[in-house]
Amino acid sequence: MTRLTSLTAIVAVACMITPVANAADLTVNVENIAQTKGTIMLGLFDQATYNGDGAVNGASLKVEGTSVTAEFEGLEPGEYAVRLYHDVNDDGEMNTNPFGMPTEPFAFSNDAKGRFGPAKWDAAKFVVEADGTTHTITMN
Amino acid sequence: MDLSRRHFIEAGMGASLAGAVGVSFGLSASAKANSMPAWHLGYANAPAGGFDPAPMKLVFGTPPSDLKGSLYRNGPAHFSYGDEYASHWFDGDGLIHRIAIEDGQAVHQARFVETRKRREEQAAQTFLAPGFGTLGDESYYVESADDTNAANTSVLMVDGELLALWEAGSAFSMNPETLETKGPKTWRDDLKGMPFLAHPKVEPDGRVWNLAVGGSRVGIYRIGTNGALEDFGLVNIGRAAYIHDWTMSERHLIILVQPWINESLRPPVVAGFEWQPQHGLQMLIVDKDDFSNQRWTQAPARMFFHTGSAWEESDGTIKFDVSFYKEPILGVGGGAAEIRGEWDQSYFSEEGVLTLVEIPPQGDAKLIETGIIGEFPQVDPRFRGKSRNLVALASGASNTRPGSTTLAVHNWTSGETKAFDFGDNRIVEEFLFVPKSGGQSDLESWLVGPVLNIKAGVREICVFDAAHVDDGPVCIWQAEYSWPLGFHGTWA
């Protein structure tokens, strides 16, 4: 079943990555957030990192309304995907029930969904164009 | 058995039966139009909107004046979209019934549980979700167990909250008056989405115990009479056994680890189970006051769906009644073919046998088989976990159709079995004990349950005196329509 337990570490590492200069910008809007508290922990991946342990970038976004926005600068144009979770209780972890199922909201780019596991790369990928891209994820 | 009594009931109901047939509509009409066998009414779709409250007609006997309350029931009730049939009976959407009984009147109503599976399949008018016997459509996303929740197995009333139960996902909270769906029940934030078995055990004072089964790990819920979760713990049962039911005494939880083991969690679930009788039937006995205080016992390999209840003797011996099969009965035909109107006696070559399990303070358990065929064992709710006399079963089999023919009551104290055979024309479902007003023993209780009258194409609710079921029904109310066969219920 779905597990996103390594996402916290991925986001933490990704946040330390320095953007590459003179490349594409990406804006990710996360909308329809149910609870006005906690933090959206967002990881940005390319195909090579999507199923692995490291993200190419990431963001930690305080929730003060029903939406948050992440800005990434200097990305290499190309295909990316987002995995995120809402750290509602701000404990820095994606909480799960005793059988390992997430108890905090999560989402993928393209609003992609998984079937007995995380959404697949092909379903979640989108293109970051050289002149910039805005991508919106709607929580449910 | 009392055939003459049954025939008397048929004769006595003759006039009203004819009337009922004349005005029957919906299920019976569509089933006939499809040239299905008459018993297929039990596996025909219920109307998508359920049933608005409708009085049932008293067609036999005199209702007990002290019988007041509601029989809530749950069962799969949607099996086809056009010419496409569900893959398994167990995967039909849950329909919650309420039969409210008061002042000799009975009123039936029903609503489907609005699960995601129900909502999306109704919108698409096709089957999408994977399930117990269903592979499912690749386009249907599954991010949690509740994405496949059919909410179709039983009901529980706790502190005025009605819950529709499945076994692999959350309970669904329902309005007990209107039967409208509120949504999945989360007992505690960190337990969101945990499974909640369809066979919770309710102590006589109202405290509820239940299990969450996840492979070889089993969670234990203890829920207070106020509906709040008091405790949750985890135990390990060693193998991913099929666990539909379990049992409980005053002091212990008894988890039966039958050797029907899940070797693959991919849908359809039933295909992932293997019968491994070399393991025997192992049983984990857990102290209700300290979940870490456990002991194991074992018995010869058996498969089961349902237990009655357990009690303890003064020397610590634990006893419980259960319907045991020598091997699994599901898979090839049973549960899948009936939906299509197909039935063959060979689907049920194995029948459940009422068995008393005796677990001594040390050593292996002993099985005492009664020879009584039956399922859906029920006991008086005042004596759950305690010593008692009676267990009631849907018993008997027909040569012509699926389902039980007979209501049987076995008395463990006297060794006597009394039964009432409804014959081939009525399919007997689970009957529940309802204590008589002022009664002290389980011999002083009513048995209330539904039958499907396949001859008239309508539903009936019957009341028996639990101590004298062989005398036949005390009264029968009849609906003007049919509804599909269900699984389990509760009286509230």
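We now turn to the structure provided with this report. (Residues numbered from 1 in each chain as written. Chains lettered and ligands numbered in written order. Predicted model: local features only at pLDDT ≥ 70, side-chain atom pairs only at ≥ 80, totals over all residues. Heavy atoms only, no water.)

Let us look at the overall build of chain A. Secondary structure assignment for chain A yields 3 helices and 8 strands. A fraction of 73% describes how many contacts in chain A between residues 6 or more apart in sequence connect residues 24 or more apart. With the model as given, the accessible surface of chain A reaches about 6,400 Å², and the carbon-plus-sulfur share is 47%. (Helix = DSSP H or I, 4+ residues; strand = E, 2+ residues; numbered from the N terminus. Contact = heavy atoms within 4.5 Å. Areas by Shrake-Rupley, 256 points an atom, 1.4 Å probe, with all protein chains shown as cover.)

Looking now at the pattern of salt bridges. Where charged atoms from two side chains of opposite charge come close, those side chains can pair. Residues and elements named next belong to chain B. What the rule picks out here adds up to 29 salt bridges over all chains. Put simply, aspartate 190 and arginine 188 hold a salt bridge, and the shortest N to O gap is 2.8 Å. On the basis of relative accessible area, aspartate 190 is assigned to the partly exposed category, the value being 34%. Of the residues examined, arginine 188 reaches a relative accessible area of 36% and is grouped as partly exposed. For the salt bridge of glutamate 230 with arginine 222, the shortest nitrogen-to-oxygen distance reads 2.8 Å. (Salt bridge = Lys/Arg side-chain N within 4 Å of Asp/Glu carboxyl O. Buried < 20%, exposed > 50% of the residue type's maximum accessible area, 1.4 Å probe, protein only.)

One non-glycine residue, asparagine 32 of chain A, lies in the positive phi region at around 65°. Structurally, the position occupied by asparagine 32 of chain A is in the loop between strand 1 (24-31) and strand 2 (39-45). Residues other than glycine seldom take positive phi values, yet leucine 179 of chain B does so here, at roughly 65°. Of note, leucine 179 of chain B is situated in the loop between strand 9 (172-174) and strand 10 (181-184).

Moving on: the interface of chain B and chain A. The extent of an interface is frequently quoted as the accessible surface area lost upon association of the parts. Listed by partner, the interface residues are 27 residues for chain B and 16 residues for chain A. When chain B packs against chain A, the two sides together hide about 1,700 Å² of surface, and 57% of this comes from carbon and sulfur. Among the residues chain B hides against chain A, the three largest losses belong to Val142, Glu143 and Lys192 of chain B. Together they make up 36% of the total. Run the count over chain B and chain A and you get 2 salt bridges. Measuring nitrogen to oxygen at the nearest pair gives 3.7 Å for the salt bridge that ties glutamate 143 of chain B to lysine 113 of chain A. For the side of chain B that touches chain A, the elements supplying multiple residues, two or more each, are strand 12 (208-214), strand 13 (217-223) and strand 14 (229-236) of chain B. Looking at which element gives the most residues to the side of chain B that touches chain A, the answer is strand 12 of chain B, with 3 residues. (Buried area = accessible area lost by both parts, 1.4 Å probe.)

Bringing helix 4 (residues 116-124) of chain B into the picture now. Residue and element names in this part refer to chain B. The complete set of buried residues in helix 4 reads Arg116, Lys117, Arg118 and Glu121. Summarising the contacts, the buried residues of helix 4 are in contact with strand 3 (80-81) and strand 6 (105-112). In the segment just after helix 4, glutamine 125 is the residue with positive phi, at about 55°.

All names here are of chain A. Within strand 1, 6 of the 8 residues are buried, leaving the element largely enclosed by the surrounding structure. The pairing of strand 1 with strand 4 (residues 68-75) spans 6 bridges and is antiparallel. From the neighbouring strand, asparagine 29 faces strand 4, where its bridge partner is threonine 69. For strand 1 and strand 8 (residues 133-138), the ladder comprises 6 bridges, and the chain directions are parallel. Note on strand 8: the bridge partner recorded for valine 28 is histidine 135. (Pairing = 2+ DSSP bridges.)

What follows concerns the sheet that holds strand 14 of chain B. Residues and elements named next belong to chain B. Pairing is antiparallel across the open sheet formed by 4 strands, whose spatial order is 11-12-13-14. Across the chains shown, the open sheet's two edge strands, defined by having one partner strand only, are strand 11 (201-202) and strand 14. Inspection of the sheet shows strand 13 paired to strand 14 by 7 bridges, in the antiparallel sense. By the bridge assignment for strand 14, arginine 222 is matched with aspartate 231.

As a further point, take the packing of aromatic side chains. All names here are of chain B. Taken as a whole and judged by the stated rule, the model has 28 aromatic pairs over all chains. Both rings, one in tyrosine 81 and one in phenylalanine 127, keep their centres 4.9 Å apart while their planes meet at 65°; by these two values the pair is edge-to-face. Separated by 46 residues along the polypeptide, tyrosine 81 in strand 3 and phenylalanine 127 in the loop between helix 4 and strand 7 (154-158) bring together distant segments of the chain. Between tyrosine 221 and phenylalanine 232, the aromatic rings sit 5.0 Å apart at their centres with planes inclined by 75°, giving edge-to-face as the arrangement. Linking tyrosine 221 in strand 13 with phenylalanine 232 in strand 14, this pair joins segments that are 11 residues apart in sequence. Across this residue pair, the class does not change: tyrosine 221 and phenylalanine 232 are buried. Among the aromatic side chains, those forming a connected cluster through ring pairs are Trp39, Tyr43, Trp89, Phe90, Phe132, Tyr242, Trp260, Phe273, Phe305, Tyr325 and Phe487. Here arginine 118 stacks its cationic end above the ring of phenylalanine 112, 3.5 Å away from the centre of that ring. (Phe/Tyr/Trp six-rings, centres within 6.5 Å; stacked < 30°, edge-to-face > 60°. Lys NZ or Arg CZ within 6 Å of the ring centre and 35° of its normal.)

This paragraph deals with the environment of phenylalanine 51 of chain B. Residues and elements named next belong to chain B. Locating phenylalanine 51 in the fold gives a position in strand 1 (residues 51-61). Relative accessible area serves as the criterion here: at 6%, phenylalanine 51 is assigned to the buried category. The spatial distance from the C-alpha of phenylalanine 51 to the C-alpha of histidine 97 is 8.6 Å, given a sequence separation of 46 residues.

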